[in-house]
Amino acid sequence: MGKNNSNMASFEPCRTKMEKEGIAQSAISAFESTFNSLVSGNTGIIPESTITPVPELVHTDSISTAPDSALLSETVVLKLNGGLGTGMGLDKAKSLLEVKNGDTFLDLTAKQVMCMRKEFGQNVKFMLMNSFSTSDDTLEFFQTKYPSLAAEEGLEMLQNKVPKLDATTYVPATCESDPSNEWCPPGHGDLYAALIGSGRLDALLEGGYKYMFVSNSDNLGATLDLSILTHFATTDASFMMECCERTENDKKGGHLAIRNSDKHLILRESAMCADEDEESFQDISKHRFFNTNNLWIRLDKLKEIVEKFGGYIPLPMILNSKTVDPKDDNSQKVIQLETAMGAAIECFEGASAVVVPRTRFAPVKKCNDLLLLRSDAYIITDDFRPVLNPACGGAAPVVDLDSKKYKMVGQLEEATKAGVPSLVDCKRLTIKGVVRMGRSTRFVGDVSITNKSDESKFISGKIENAALDVSENIGLGALKPSVVATAPIAGQKPGTSGLRKKTKEFMSENYLNNFVQSVLDAVVAGGTNLSEGTLVVGGDGRYYNDKAIQTIIKMGVANGVKRFWIGENGLLSTPAVSAMIRERGPVWQKAFGAFILTASHNPGGPEEDFGIKYNTQNGGPAPEYLMEATYANTTSIKNYKICSEFPEIDIAKPGCTSVAADDGSSSVVVEVIPSTESHVALLKSIFDFGAIKSLLDREDFTMIYDSMHGVNGPFSKAIFVDELGQPESVLMNQIPKDDFNGGHADPNLTYAKELVAIMGLDKKGNKIDVSGSVPSFGAAADGDGDRNMILGSQFFVTPSDSLAVLVANANCIPFFSTQGGLKAVARSMPTSGAVDLVAKDLNLDFFETPTGWKFFGNLMDSKCIFKGKDYTPFICGEESFGTGSDHVREKDGIWAVLAWLNVLAAHNPDPSKALVTVEDIVRKHWATYGRNYYCRWDFEGMDAAGANAMMDKMRADTAANTGRTVGSYTIATADDFKYVDPVDGSVAQKQGIRFLMADGSRIIFRLSGTAGSGATVRMYIEQYETEKLDLAVADALKELTTIALSLCDIKTFCGTETPTVIT
C-alpha cells in the first residue's frame, strides 16, 4: 500500500474537496502534513527500540504550592464533545448517554461548571468542542436544560472534518448512497486546528486568557483543579499532561515515553505500536504512565508553535483502516487519518507531565466502564464528580463483560432493565453469555457467570466468590423474547396522521411488525424507558384491529413494556387515547405513549384501509423528529422482537391479566379498561352537564347523533344516555362495525347522507322538502371519533363557521370561563378566515398553521414543555371537520358537539321562551362579523404523479401569477405556504399553494396526506361578504370556482373537473 502510492498520490484532490466544503486553512494544512506523512511511507509506528520509559513524575498529591485563585480569570475550561460513541452502538452524542441518577455526561458537566463558578466566585470560561455529528444534539440539550450556559458567547467550537481516503490510491473516497460517509473526524488532535481556524485562539489571547484545561466529555473526573493549575503556572511549563499509573485495565491504552533521539516526552498510542513490540507496550511495570487526556496548555506558547510552522501544529499520524460506509463491510476500503491532541507534548519545548489520582480519570469507553460507573461502586460528590465509593477500599472492581454480547449500550441496558447490580463489594466480575441482573443482584468478591444457552438467564440475590454456570437455569417462559429476522419493506414513511395503507398490506408478512419495532426503537432512542409507565393500545374497531392489538402487546412485552391499558373490545377513540394518556393515573402508572389503530375517516374492511399512529406522553401525535427516526428505522431494520408464547388477551371485557416470568424476574400486567372512562370523566369537568341536560329535556328540543358505526358509538351512549338521561333513540348507527357497515365514516354532507336527510338537507347543504318534524340539532362523528359535523334544523354549519362561533361564545363553557377566558385561537391555513375576525375583535393571540394537529399541540404546550408564552385556554380547528381545545392534544369530535350544546344551553336559559336555534346563533354571528362563503372540493383517488405535477406547475408559476388579473379579481399574492413555528422554531414548507386576492378572497390547493391509496387533491374557495349574507354558497363562489379550476388545470393533469366530495 505504501511504496507505489507514495510516488503517485497528490494532496490536491483532498485540498479541492476540503476547500469546496469551506474547511479552514489551518485544518487543511494540518491534514496535508498528516497526508504527506502517509505518502512518504511513514506508518506512524514508534518502535520500542527508539524510546525509553519515563522513570518518575511529580505526583499532584505532593504539590505544596498554595493555590492562586487569581489564575482563574486567565483560564478557560474546554470539553471535547465530538464523539458519537458508535463503537458502543450509539448514533447521537456519547455525552447524552445517561450515566447515573438520570444525569447524562453533559448534565454532570454542566453542573460541575456551575458548581465550580459558585465555589471560586468567578465566572470561569467554559467551552465545548463539538463535531458536525454532535453539535445539534448538544446545543439543543443546553438550550433546553441549561439555557444560561447555552446563551454564553463562544460556548461552541466546531471540530473540523477530513476526507476518508481510498485505501489503494489515497484519493478522497466516495459514497453515493450517503455522501456524509465520505468524511470523518480528524481525531481530537484537531483541537489545535479548530482553535486556529475558528479564530478562538486569537480571541482568547486578546481576552486575556493564558491557560486552557482540556479533557474528554466522558471523563467526569476531570474538573478544574486550582492546585494543579497553580502548579502548571508556577513551573512555567508550556504544556502539561495529566497521567495515571497504568494497571491491568489500562495495559492496552497509550503510554508516555521519552524519545531517544531528542529526549522529548512523547505519547505512543496502541495504533503506533508494532506487533512485535506489543508485549513491551503492555508491560505496565516498564511503561508506567498513561495519558488521561487531561491537558493543560499555555495558549501563548501554542500561538508561537503555530506561527513557527506556518499556521498549524504538526502531529504524529494515526492510521485506521475502515470501510467508507461503517454499516457495510463490503463498501469501499478506506484509510482514516487521525491525530491525538496529547501527542502535541512533543511539539512544546518545556512540556511536562504529572501523576494524578484515579479520581481524575473516570472515562467510559466500553460497557464494562458504563456498568461500573452506574453501579454503587461509584458515587457522585457534592461537586458532581463520580468518585470510587470509599467502601471499595481504594480499588475499583475489575469488570469483564462478554465483548460480543455487551459491545453495545443497548445490550447492557437490556441486561439491566430491572436495575443495576451492586458491585461495591466486588473485586472481579466476569460474565460470559447473556444474563439479566437487577437491583436485587449483589456481587461480592470474585464472581464468574457463564451462560452457554441462547436465552438470557436472570441472576438475583447475593453471589459471593463463585463461578456459576447458569446455562440450564429456568428462563422467562411466556416472557421470553424471540428475535425474528426481517428486512425493510418499502413505503413505510408515516404521514401527519401515522401510517395508512390497504388492510391487506398491513396483514402481509412482517408489515405491522416492522413498523411497530421501528417506532419502539425510535421511542427508546428518544429517551423513553419502556419498562416504566404504561403503553396504551386501542383503535376505531376497523377490520384487523383485534389481531393487531395482540401483536403489539406481544412485541411490547419483548421490548420491555411492563404494563398495558387496552380499550374494551379494542375500542378507543383518538381523543379518548389523548385523554387517557394525560388524565389516567396513578402517577406511577402514567402512560408514556400509545399506539392508535385507525385510518380515521377512511373506509374500513379487508379490502379497504388500515392505519397506525403513535402518540407521545403529552397525549399528542408523535413529533416530526420521532417519525423521521421511525422511518429511518424502517429502511434499515434487520429484526424485530416478539414474545410469541405470551397468551392472547381477552379484550372483550374489563379486567387485569398478569403474566409472570418462570424465573420470577419480572411480570407484565395487561389491563382492559372501559373505553369511555377517562374521556367522559374529562368532558364532565369541562362542560355544564346540568345546563345541557335541561336543554335536551325541553319539549321543543330534539337531537340526533350519528356515530356512523365508528368508535364513538359507546361514547355517545355513555354521554347522552347514561350521563344526560336521554333515550337511546337520540343515537343512530351507534354499534361499531369493523367495516363501518359498508359505509364511509366521514362526517360530511356527502357520506353522512342518512343523517343529512333526517336534518332536511341535501348533499350540498340545501334545504329539501320533508314530511314530519326535523330535529333541532344533529351531529356526526368519523371512524375514530376525532371529527364532527354540526347541523341545525335544515341548516348546515361549516366547520370554519363552527370554529368561529365556538370561539365567540367560549365563555358559555365552564372550562374557559373559570380560567379567565380564552387566550389564543388557531386555525389551519386552508380553514376560512371567519375565526380571524373574532380573534381580532376579542384581542386574542391568533395563529394560522399548516394542516396537522401537531402544530396546534406545540402552541398548547408552549409554556409547559417549551418554557414559552402560555396560550391556554386555547381553541383550534380545521376545515376538515376537526375542532378541539387544550383539554387533549387531538381534535375531539364529541367535545365539539358538547360545546355546541353548552352554547345552545347558555342561549336558552328559560324553557318558557322560544328556542334559540343553531341557525339563529350562526346568523347572529354573521350579522356581527360578516360571512365567509366557503367550500372545499375533494378530488379523491387521483393519480399521484399527475396530482404532484399539477402542484409543481402552480408552485413554479407563483411569481408569474402574482399581480395577475383573473376575471373580476386580482391576485395580490400567489405563494406556497411556509410556516415558522413560533414555539420551537421549526419550519414547515410546501404546505399548500395559495392565491390571495386583493379583496381578501382566497383559492387554495393542497394534497392530502390522509388517504390510504392514490392522492386526494383539495381545492378551497373563500369569499368574504358583510352585506350579502343569504346567498347560496355555490352562487356566491361561482366565479371564483371557475377561476380556481383554470388556475390549477386539473382536467389536464388528473383527467377530471368533477369532485368526489363538496363540503
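Residues numbered from 1 in each chain as written. Predicted model: local features only at pLDDT ≥ 70, side-chain atom pairs only at ≥ 80, totals over all residues. Heavy atoms only, no water.

Draft legend 1. Representation of the sheet that holds strand β42 (residues 824-828) in the model. Taken together, the four strands give an open sheet; going across it, the order is β43-β42-β44-β45, and neighbouring strands pair in mixed fashion. Sheet topology places β43 (845-849) and β45 (882-885) at the edges, where each strand pairs with a single neighbour. Here the average twist between neighbouring strands, direction ignored, is 15 degrees. Of the strand pairs in this sheet, β42 and β43 are connected by five bridges, and their pairing is parallel. Considered in β43, the bridge of Ala824 is made with Asp845. Packed onto the sheet, helix α23 (residues 799-808) meets β42, β44 (874-878) and β45 and runs at close to 170 degrees relative to β44. (Pairing = 2+ DSSP bridges. Helix = DSSP H or I, 4+ residues; strand = E, 2+ residues; numbered from the N terminus. Axes fitted to C-alpha atoms, helices over the stretch in contact; angles between N-to-C directions. Contact = heavy atoms within 4.5 Å.)

Draft legend 2. Representation of the sheet that holds strand β13 (residues 255-259) within the structure. Strand order across the open sheet formed by three strands is β1-β13-β14, with antiparallel pairing between neighbours. If you trace the sheet from one side to the other, it starts and ends with β1 (51-53) and β14 (265-268), each paired once. Pairwise comparison of adjacent strand axes, ignoring direction, gives a mean angle of 50 degrees for this sheet. With four bridges connecting them, β13 and β14 associate as antiparallel partners. Within the sheet, the bridge partner assigned to Ile258 lies in β14 and is Leu265.

Draft legend 3. Quick peek at helix α16 (residues 545-558). Look at α16: 20 Å from first C-alpha to last across 14 residues, which is about the 20 Å you get at 1.5 Å a residue. α16 sits mainly inside the fold: 12 of its 14 residues count as buried. Within α16 the residues assigned to the buried category are Asn545, Ala548, Ile549, Gln550, Thr551, Ile552, Ile553, Lys554, Met555, Gly556, Val557 and Ala558. The positive-phi residue at the C-terminal boundary of α16 is Gly560, with phi of around 105 degrees. (Expected span 1.5 Å × (residues − 1). Buried < 20%, exposed > 50% of the residue type's maximum accessible area, 1.4 Å probe, protein only.)

Draft legend 4. Focus on the pairing of strand β46 (residues 931-942). Buried residues dominate β46, accounting for 10 of its 12 residues. Here β46 pairs with strand β54 (residues 1061-1062) via two bridges, running antiparallel. Pairing of Asp938 across the sheet is with Val1061, part of β54.

Draft legend 5. Layout of the packing of α23 against helix α27 (residues 893-907). Here α23 crosses α27 at 55 degrees, and the two axes come no closer than 11 Å. With respect to α27, the axis of α23 lies oblique. Here α23 runs over α27; the crossing is left-handed. Contacts from Ser802, Val805 and Leu806 of α23 reach α27 at Trp895, Ala899, Trp900 and Val903. (Parallel < 35°, antiparallel > 145°, perpendicular 65-115°, else oblique. Left-handed = near helix turned anticlockwise from the far one by under 90°.)

Draft legend 6. Layout of the pattern of salt bridges. Under the defined criterion, the tally for this structure stands at 65 salt bridges. Taking the shortest distance from any N to any O, the salt bridge between Glu245 and Arg288 comes out at 3.7 Å. One end of the pair, Glu245, is in strand β12 (residues 239-245); the other, Arg288, is in the loop between α10 (278-281) and β15 (289-298), and 43 residues separate them in sequence. Looking at Arg288, the relative accessible area reads 23%, which means it is partly exposed. For the salt bridge of Arg1002 with Glu1022, the shortest nitrogen-to-oxygen distance reads 2.8 Å. Here Glu1022 lies in strand β53 (residues 1015-1025) and Arg1002 lies in strand β52 (residues 1002-1008), a separation of 20 residues in the sequence. Each member of the pair Arg1002 and Glu1022 is classed as buried. Through salt bridges with shared partners, a single network forms among Arg827, Asp836, Glu848, Asp975, Arg994, Arg1002 and Glu1022. (Salt bridge = Lys/Arg side-chain N within 4 Å of Asp/Glu carboxyl O.)

Draft legend 7. How the structure looks around the packing of aromatic side chains. Tallied over the full model, the rule gives 24 aromatic pairs. Joined through ring pairs, the aromatic side chains of Tyr211, Phe213, Phe232 and Trp296 make up one cluster. One Lys or Arg, Lys161, reaches over the ring of Trp183 and ends 5.0 Å from the middle of that ring. Above the ring of Trp926, the side-chain terminus of Arg931 is found at 3.9 Å from the ring centroid. (Phe/Tyr/Trp six-rings, centres within 6.5 Å; stacked < 30°, edge-to-face > 60°. Lys NZ or Arg CZ within 6 Å of the ring centre and 35° of its normal.)

Draft legend 8. Region of the structure containing the confidence of the model for the chain. Overall, the prediction assigns the chain a mean pLDDT of 93, with 99% of residues at 70 or greater. Across residues 1-6, confidence stays below pLDDT 50; counting only partners more than four residues off in sequence or on other chains, it has eight contacts. (pLDDT = per-residue confidence, 0-100.)

Draft legend 9. Main features of the nonpolar core. Grouped together as the largest cluster of nonpolar side chains are 66 residues, with contacts concentrated most on Phe687, Phe720, Phe777, Trp895, Trp900 and Leu901. Top element by residues in this core is α27. It accounts for 11 residues. What Trp900 contacts, discounting residues up to four positions off in sequence, is Phe777, Ile790, Val797, Ser802, Val805, Leu806, Val918, Ile921 and Val922. In this structure, Tyr511, Val537, Phe595 and Val659 belong to the second largest nonpolar core, which totals 47 residues. (Core = buried A, V, L, I, M, F, W, Y, C linked by side-chain atoms within 4.5 Å.)

Draft legend 10. Up close: the side chain of Thr339. Along the chain, Thr339 turns up in the loop between β17 (333-338) and β18 (352-355). Beyond its immediate stretch of four places on either side in the chain, Thr339 contacts Thr34, Pro186, Gly187, His188, Gly189, Asp190, Leu315, Pro316 and Ile318.

Draft legend 11. Representation of unusual backbone geometry within the structure. A cis geometry characterises the amide bond from Gly585 onward to Pro586, with omega recorded as 5 degrees. Cis geometry marks the peptide bond from Thr872 to Pro873; its omega dihedral reads 5 degrees. Assignment of secondary structure puts Pro873 in the loop between α26 (853-860) and β44. Of note in this structure, Asn733 is not a glycine but carries a positive phi near 50 degrees.

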